[in-house]
Amino acid sequence: MVREAAGIYSQTVIIPFRLAKMAARAAAVWYRLSRTCGRFTPYSLETVNDNSDISIAKAQRELGYSPRPLWETIRDTVRWWKENNFD
(Lines give C-alpha, C1' and ligand atoms only; values in the text may rest on other atoms or scores of the structure.)
Protein backbone atom coordinates (compact mmCIF):
# COMPACT_ATOMS: atom_id res chain seq x y z
CA MET A 1 0.00 0.00 0.00
CA VAL A 2 2.90 2.36 0.70
CA ARG A 3 4.42 1.80 -2.73
CA GLU A 4 1.06 2.43 -4.36
CA ALA A 5 0.49 5.64 -2.37
CA ALA A 6 4.00 6.85 -3.23
CA GLY A 7 3.62 5.94 -6.89
CA ILE A 8 6.61 3.60 -6.72
CA TYR A 9 6.20 0.39 -8.61
CA SER A 10 9.26 -1.71 -8.02
CA GLN A 11 9.79 -5.40 -7.64
CA THR A 12 9.56 -6.90 -4.17
CA VAL A 13 12.77 -8.44 -2.90
CA ILE A 14 12.56 -10.91 -0.04
CA ILE A 15 15.67 -11.14 2.13
CA PRO A 16 16.03 -13.79 4.84
CA PHE A 17 15.90 -12.25 8.32
CA ARG A 18 19.34 -13.44 9.42
CA LEU A 19 20.97 -12.03 6.29
CA ALA A 20 19.13 -8.73 6.76
CA LYS A 21 20.26 -8.60 10.39
CA MET A 22 23.90 -9.07 9.38
CA ALA A 23 23.52 -6.33 6.77
CA ALA A 24 21.91 -4.07 9.38
CA ARG A 25 24.91 -4.49 11.67
CA ALA A 26 27.23 -3.49 8.83
CA ALA A 27 24.95 -0.58 8.00
CA ALA A 28 25.02 0.57 11.64
CA VAL A 29 28.82 0.67 11.52
CA TRP A 30 28.67 2.63 8.26
CA TYR A 31 26.19 5.13 9.73
CA ARG A 32 28.43 5.63 12.77
CA LEU A 33 31.56 6.15 10.65
CA SER A 34 29.89 8.45 8.14
CA ARG A 35 27.95 10.28 10.86
CA THR A 36 24.69 9.87 9.00
CA CYS A 37 21.25 9.01 10.31
CA GLY A 38 20.57 5.28 10.19
CA ARG A 39 17.37 4.07 8.59
CA PHE A 40 18.18 0.37 8.50
CA THR A 41 19.37 -0.82 11.91
CA PRO A 42 19.35 -4.06 13.88
CA TYR A 43 16.87 -2.41 16.25
CA SER A 44 14.47 -1.51 13.44
CA LEU A 45 14.57 -5.09 12.17
CA GLU A 46 13.93 -6.49 15.64
CA THR A 47 10.99 -4.13 16.02
CA VAL A 48 9.44 -5.26 12.75
CA ASN A 49 10.17 -8.93 13.43
CA ASP A 50 8.89 -8.82 17.03
CA ASN A 51 5.30 -9.28 15.85
CA SER A 52 3.94 -7.66 19.02
CA ASP A 53 0.22 -7.77 19.39
CA ILE A 54 -0.88 -4.22 20.14
CA SER A 55 -4.51 -3.97 21.14
CA ILE A 56 -6.76 -0.94 20.98
CA ALA A 57 -9.67 -2.74 22.66
CA LYS A 58 -9.39 -0.76 25.93
CA ALA A 59 -9.27 2.58 24.10
CA GLN A 60 -12.26 1.58 21.99
CA ARG A 61 -14.21 0.40 25.03
CA GLU A 62 -13.41 3.22 27.44
CA LEU A 63 -12.84 6.20 25.14
CA GLY A 64 -14.88 5.32 22.08
CA TYR A 65 -11.66 5.36 20.05
CA SER A 66 -11.93 4.58 16.36
CA PRO A 67 -8.72 4.30 14.32
CA ARG A 68 -8.31 6.00 10.97
CA PRO A 69 -8.45 3.73 7.94
CA LEU A 70 -4.95 2.43 7.19
CA TRP A 71 -5.03 3.54 3.54
CA GLU A 72 -5.87 7.12 4.59
CA THR A 73 -3.02 7.17 7.12
CA ILE A 74 -0.49 5.86 4.58
CA ARG A 75 -1.62 8.37 1.95
CA ASP A 76 -1.29 11.30 4.36
CA THR A 77 2.12 10.11 5.61
CA VAL A 78 3.49 9.76 2.06
CA ARG A 79 2.15 13.22 1.20
CA TRP A 80 3.83 14.71 4.30
CA TRP A 81 7.19 13.07 3.42
CA LYS A 82 6.99 14.45 -0.12
CA GLU A 83 6.02 17.94 1.05
CA ASN A 84 8.99 17.98 3.43
CA ASN A 85 11.48 16.80 0.79
CA PHE A 86 12.10 13.35 2.26
CA ASP A 87 11.56 11.50 -1.05
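K.L.:
Sorry if this is basic, but what is going on with the overall build of the protein here?
P.N.:
Looking only at helices and strands, one finds five helices and zero strands in the protein. Put simply, the protein runs from its N terminus to its C terminus through helices and strands in the order α-α-α-α-α. Scaling as 2.2 N^0.38, a compact globule of 87 residues should have a C-alpha radius of gyration of about 12 Å, whereas the protein reaches 17 Å, well beyond that. Summarising its shape, the C-alpha atoms of the protein cover approximately 45 × 30 × 30 Å along the three principal directions. Taking the contacts inside the protein whose residues are at least 6 apart along the sequence as the reference set, 44% of them involve residues at least 24 apart. Surface accessibility of the protein: about 7,900 Å² in total, with carbon and sulfur atoms responsible for 58%. Between the mean site of the 13 positive side-chain charges and the mean site of the 9 negative ones, the protein shows a separation of 8 Å.

K.L.:
So what exactly am I meant to see when it comes to unusual backbone geometry here?
P.N.:
Most peptide bonds adopt trans geometry, and most residues besides glycine take a negative phi value. Phi is positive for arginine 35, which is not a glycine, with a value near 55°. Looking at where arginine 35 falls in the secondary structure, it is placed in the loop between helix H2 (17-34) and helix H3 (42-49). When its relative accessible area of 79% is taken as the criterion, arginine 35 is described as exposed.

K.L.:
How should a nonpolar patch on the surface be read in this particular structure?
P.N.:
Together, Val13, Ile15, Leu19 and Met22 give the surface a local cluster of nonpolar side chains, amounting to about 420 Å² of exposed area. Residue position: leucine 19 is located in helix H2.

K.L.:
I tried to follow the packing of aromatic side chains on my own but got confused; where do I start?
P.N.:
The description of two aromatic rings rests on the distance between their centres and on the angle between their planes. Tallied over the entire structure, the rule returns one aromatic pair. Ring geometry for tryptophan 80 versus tryptophan 81: centroids 5.8 Å apart, planes at 85°, classification edge-to-face. The exposure class assigned to tryptophan 81 is partly exposed, which follows from its relative accessible area of 38%.

Rules used throughout
- Residues numbered from 1 in each chain as written.
- Predicted model: local features only at pLDDT ≥ 70, side-chain atom pairs only at ≥ 80, totals over all residues.
- Heavy atoms only, no water.
- Helix = DSSP H or I, 4+ residues; strand = E, 2+ residues; numbered from the N terminus.
- Rg over C-alpha atoms; globule rule 2.2 N^0.38 Å.
- Contact = heavy atoms within 4.5 Å.
- Areas by Shrake-Rupley, 256 points an atom, 1.4 Å probe, with all protein chains shown as cover.
- Lys, Arg positive; Asp, Glu negative; His and termini not counted.
- Charge placed at Lys NZ, Arg CZ, Asp CG, Glu CD.
- Buried < 20%, exposed > 50% of the residue type's maximum accessible area, 1.4 Å probe, protein only.
- Patch = residues over 30% accessible without salt bridge, like charges linked within 9 Å, V, L, I, M, F, W, Y side chains within 5 Å.
- Salt bridge = Lys/Arg side-chain N within 4 Å of Asp/Glu carboxyl O.
- Phe/Tyr/Trp six-rings, centres within 6.5 Å; stacked < 30°, edge-to-face > 60°.

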